[in-house]
2 protein chains.
Amino acid sequence: MNYSVVVVDDHFLLSQAIGGLVQEFKNFDVLYLCKNGQELLDKFENPKNIPDLVLMDIKMPILNGIETTEKLKKDFPDVKVLALSIEEDEYTILKMLRAGAKGYLMKDTKKDILEKALLEVIQNGQYYTNTVSKILMESIEKNIDTEIKDKELEFIKLACTDMSYKEIAETMFCSYKTVEGYRDSLYKKLGIKNRIGLMLFAIHHNIFTP
Amino acid sequence: MNYSVVVVDDHFLLSQAIGGLVQEFKNFDVLYLCKNGQELLDKFENPKNIPDLVLMDIKMPILNGIETTEKLKKDFPDVKVLALSIEEDEYTILKMLRAGAKGYLMKDTKKDILEKALLEVIQNGQYYTNTVSKILMESIEKNIDTEIKDKELEFIKLACTDMSYKEIAETMFCSYKTVEGYRDSLYKKLGIKNRIGLMLFAIHHNIFTP
DNA sequence: TTTTTAAAGGGGGAAATCCCCCTTTTTTTA
DNA sequence: TAAAAAAAGGGGGATTTCCCCCTTTAAAAA
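As the structure is a prediction and not an experimental result, all values here were calculated from the model.

Moving on, we get to the interface of chain B and chain A. With 36 residues of chain B in contact, the opposing surface of chain A contributes 37 residues. Taken over both partners, the interface formed by chain B and chain A buries close to 3,000 Å², and the fraction arising from carbon and sulfur atoms is 70%. Interface area lost by chain B to chain A is led by Leu 13, Asp 162 and Ile 196 of chain B, which between them contribute 21%. The interface formed by chain B and chain A holds two salt bridges in total.

Next up, the structure:
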C-alpha cells in the first residue's frame with residue numbers, strides 16, 4: 001500500500017507539476033490537489049480524504065500554510081506536513097517549522113531529494129536540509145524569534161513598499177499610532193534610524209526580496 | 001515531428017516538473033533542462049541542441065533571463081522564447097518582452113493554458129495574456145524618458161543608504177537644495193512618490209545591489 | 001552670436017517621519 | 001490569582017521629506 005500525498009498550492013501549474021512528480025515515485029500516490037488551506041480542511045471532513053502527508057505551500061490566499069499547519073497539528077496530528085515554498089524569509093520558515101512542519105524544501109530541490117524527503121518524513125518523522133538546520137541554529141544564536149513579533153514582520157514588509165505609514169495603518173486595520181509604535185520599537189531594537197535602514201535590514205534578512 | 005522545448009530555470013524541482021508537463025503534451029518534446037542562461041548558451045554550441053522553443057525563467061544566477069533572451073535574439077533569432085516566471089514587476093516583464101520574449105506566463109497559469117501558449121508561440125509567433133497586453137499598453141502611454149544624469153545616478157546610490165539628504169549633500173559636495181533638486185526631478189520623471197519608491201527603482205534597475 | 005536649455009541653488013509651506021514619554025487593555029507567567 | 005509583560009493606542013514637538021515655483025549661471029544649439 002502506497003503512502004498518500006496531497007499538494008496544497010495556489011499556483012496551478014506548480015501543484016499539477018509537483019503532483020505529477022510525486023505520482024511517479026513508487027511508494028507514493030497523489031490523492032488530490034488543493035488551492036489553499038481552507039479547501040484542504042473542507043476535504044478533511046471526509047475521513048477518506050485524509051492523506052499521510054501534505055506538501056504545503058506557505059503563501060496562499062484565504063488560509064495560508066502556517067495557519068493551516070497549526071490547525072492540522074491540533075486536529076489531525078498524524079498527518080505530516082512538509083513545507084514546499086519558492087523562496088521565503090528565514091522568519092517565515094521558522095514560523096512554519098514552529099507551526100508543526102516536519103521539514104522545509106527550498107527552491108533548489110531536485111526530484112530525488114523530494115522523494116528522499118517524502119520517505120524520511122514518513123519513516124523518521126522529519127527531514128531537515130542543511131539550509132534549514134543553519135537557519136534554525138542562527139535563530140537560536142541570534143534568538144531572533146523573540147526579537148521580531150508577528151505584526152512587526154507584517155509591518156516591515158509593508159514598509160518596504162512606497163506606502164505611507166497612514167496607508168500601512170489602513171492595510172493592517174489598525175491606527176496610525178500603532179504603526180508608529182511598531183516602527184519605533186523596531187528602530188530601537190535593530191539600531192536603525194530611518195525607513196531606508198529598515199528596508200536594508202529587511203533585504204539582508206530575506207524578509208523582503210526586491 | 002514534434003516541436004522541441006528546453007526549460008531554463010535555476011529551480012530544479014520546477015524545471016523538472018514543468019519539463020514533465022510539457023513532455024505530456026502531444027506536439028512537444030523536452031530536449032533537456034538548464035539551470036541558467038550560460039548553461040543554455042553552452043549547449044547551443046552543438047546545433048543538435050537548438051530547440052524550437054525555450055521556456056525561460058527570468059531571475060537566475062550567472063546569466064539571467066533578460067540577458068539570455070537578448071543573446072538568443074541576436075545569435076539564434078529562430079528560437080522562440082516564452083518567459084515563465086513566478087512573479088515579477090511590470091518593469092521586468094517589459095524588459096523581458098523588449099529583449100525578445102514572445103510571451104509571458106504568470107504564476108496562475110493552468111496546464112492547458114501552458115499548452116495553448118506553446119502552440120500559439122510556435123504557430124503565430126506570440127502569445128500575450130490580457131495582463132501582459134495591459135502592461136504593454138500602459139508602458140506606451142507612460143513612455144517615460146528614462147534618461148538619468150550622472151549626478152542623479154550618484155544621488156540615487158547615496159539615497160539607498162540610510163543617510164539623510166543633508167548628509168548626502170555633504171558627501172556630494174553640493175548644497176542641500178541641489179540634492180533636493182535631483183530628488184524632485186527623479187520623482188517626477190520616474191513617477192515615484194517617496195524615497196522607498198526610488199530605492200525599489202534602483203534595485204530593479206541594478207543601480208543599487210543590496 | 002543670440003537663443004535656448006540645462007544645471008545648481010533657493011524660499012517656503014504642507015505633510016510625513018522620527019522620537020520620547022504616556023495610558024489602557026489584554027495576555028502571560030509566576 | 002496576582003504580578004509582569006506585551007499589545008494597542010495617544011500627545012506633542014523636532015526634524016526630514018516632499019512639492020511647487022523662483023533665480024542665476026553655464027553650456028549648447030540655432
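With that settled, consider the pattern of salt bridges. It is possible for side chains bearing opposite charge to pair when their charged atoms get close. Following the criterion strictly, the structure yields 16 salt bridges over all chains and no others. Between Lys 111 of chain B and Glu 24 of chain B there is a salt bridge; the shortest N-O distance is 3.0 Å. A residue pair is termed long-range when its members are at least 10 positions apart, and Lys 111 of chain B in helix H5 (residues 111–124) and Glu 24 of chain B in helix H1 (residues 12–24) qualify at 87 residues. Classification of Lys 111 of chain B as partly exposed rests on a relative accessible area of 26%. Taking relative accessible area as the criterion, Glu 24 of chain B reaches 54% and is therefore assigned exposed. The partner of Lys 189 of chain B in a salt bridge is Glu 152 of chain B, and the shortest N-O contact between them spans 3.1 Å. Taken together, the residues span a long stretch of sequence, with Lys 189 of chain B in helix H9 (residues 176–190) and Glu 152 of chain B in helix H7 (residues 150–159) at a distance of 37 residues. Side by side, Lys 189 of chain B and Glu 152 of chain B carry an identical accessibility label, which is buried. Because the salt bridges share partners, they merge into one network encompassing Lys 177, Glu 180, Arg 183 and Asp 184 of chain A.

Near DNA strand D lie 19 residues; those nearest to it are Lys 177, Thr 178 and Tyr 182 of chain A together with Tyr 165 and Tyr 176 of chain B. Among the atoms of DNA strand D close to the protein, meaning within 4 Å, 57% are from sugar or phosphate groups. For DNA strand D, a phosphate oxygen lies 3.0 Å from a polar atom in the side chain of Lys 151 of chain A. Among the secondary structure elements, those contributing two or more residues to the surface near DNA strand D are helix H10 (176–190) of chain A together with helix H8 (165–171) and H9 of chain B. The dominant element in the surface near DNA strand D, judged by the number of residues it contributes, is H9 of chain B, at six residues. Its residues assigned to classes, the surface near DNA strand D comprises five nonpolar, four polar and 10 charged.

It is worth spelling out the protein's contact with DNA strand C at this point. The environment of DNA strand C is formed by 18 residues, the closest being Tyr 165 and Tyr 176 of chain A together with Lys 177, Thr 178 and Tyr 182 of chain B. The sugar-phosphate portion of DNA strand C accounts for 58% of its atoms within 4 Å of the protein, the bases making up the rest. Between Tyr 187 of chain A and DNA strand C, the recorded distance is 2.9 Å, taken from a side-chain N or O atom to a phosphate oxygen. Between DNA strand C and the protein, one listed contact pairs a phosphate oxygen with a backbone N or O atom of Arg 195 of chain A at 2.9 Å. Contributing elements (two or more residues each) for the surface near DNA strand C: helix H9 (165–171) and H10 of chain A together with H9 of chain B. Among the elements that make up the surface near DNA strand C, the one with the highest residue count is H10 of chain A (five residues). Split by residue class, the surface near DNA strand C holds five nonpolar, four polar and nine charged.

Attention now goes to the sheet that holds strand S3 (residues 53–56) of chain B. Sheet strands pair via backbone hydrogen bonds, and the direction of the pair is either parallel or antiparallel. Residue and element names in this part refer to chain B. Pairing is parallel across the open sheet formed by five strands, whose spatial order is S2-S1-S3-S4-S5. Of all the strands in the sheet, just strand S2 (28–34) and strand S5 (103–105) have a single pairing partner and so form its edges. In this sheet, adjacent strand axes meet at a mean angle of 25 degrees when their direction is disregarded. As defined by bridge partners, strand S1 (residues 3–8) adjoins S2 across six bridges and the pair is classed as parallel. Bridge pairing in S2 places Val 5 opposite Val 30. Across the sheet, H5 lies against S1, S2, S3, strand S4 (80–84) and S5, angled at about 135 degrees from S3, the strand it touches most.

Procedures and definitions
- Residues numbered from 1 in each chain as written.
- Chains lettered and ligands numbered in written order.
- Predicted model: local features only at pLDDT ≥ 70, side-chain atom pairs only at ≥ 80, totals over all residues.
- Heavy atoms only, no water.
- Contact = heavy atoms within 4.5 Å.
- Buried area = accessible area lost by both parts, 1.4 Å probe.
- Salt bridge = Lys/Arg side-chain N within 4 Å of Asp/Glu carboxyl O.
- Helix = DSSP H or I, 4+ residues; strand = E, 2+ residues; numbered from the N terminus.
- Buried < 20%, exposed > 50% of the residue type's maximum accessible area, 1.4 Å probe, protein only.
- Near = heavy atom within 4 Å.
- Polar contact = N/O pair within 3.5 Å; in protein donor to acceptor, adjacent residues only side chain to side chain.
- Nonpolar A, V, L, I, M, F, W, Y, C, P; charged D, E, K, R; others polar.
- Pairing = 2+ DSSP bridges.
- Axes fitted to C-alpha atoms, helices over the stretch in contact; angles between N-to-C directions.

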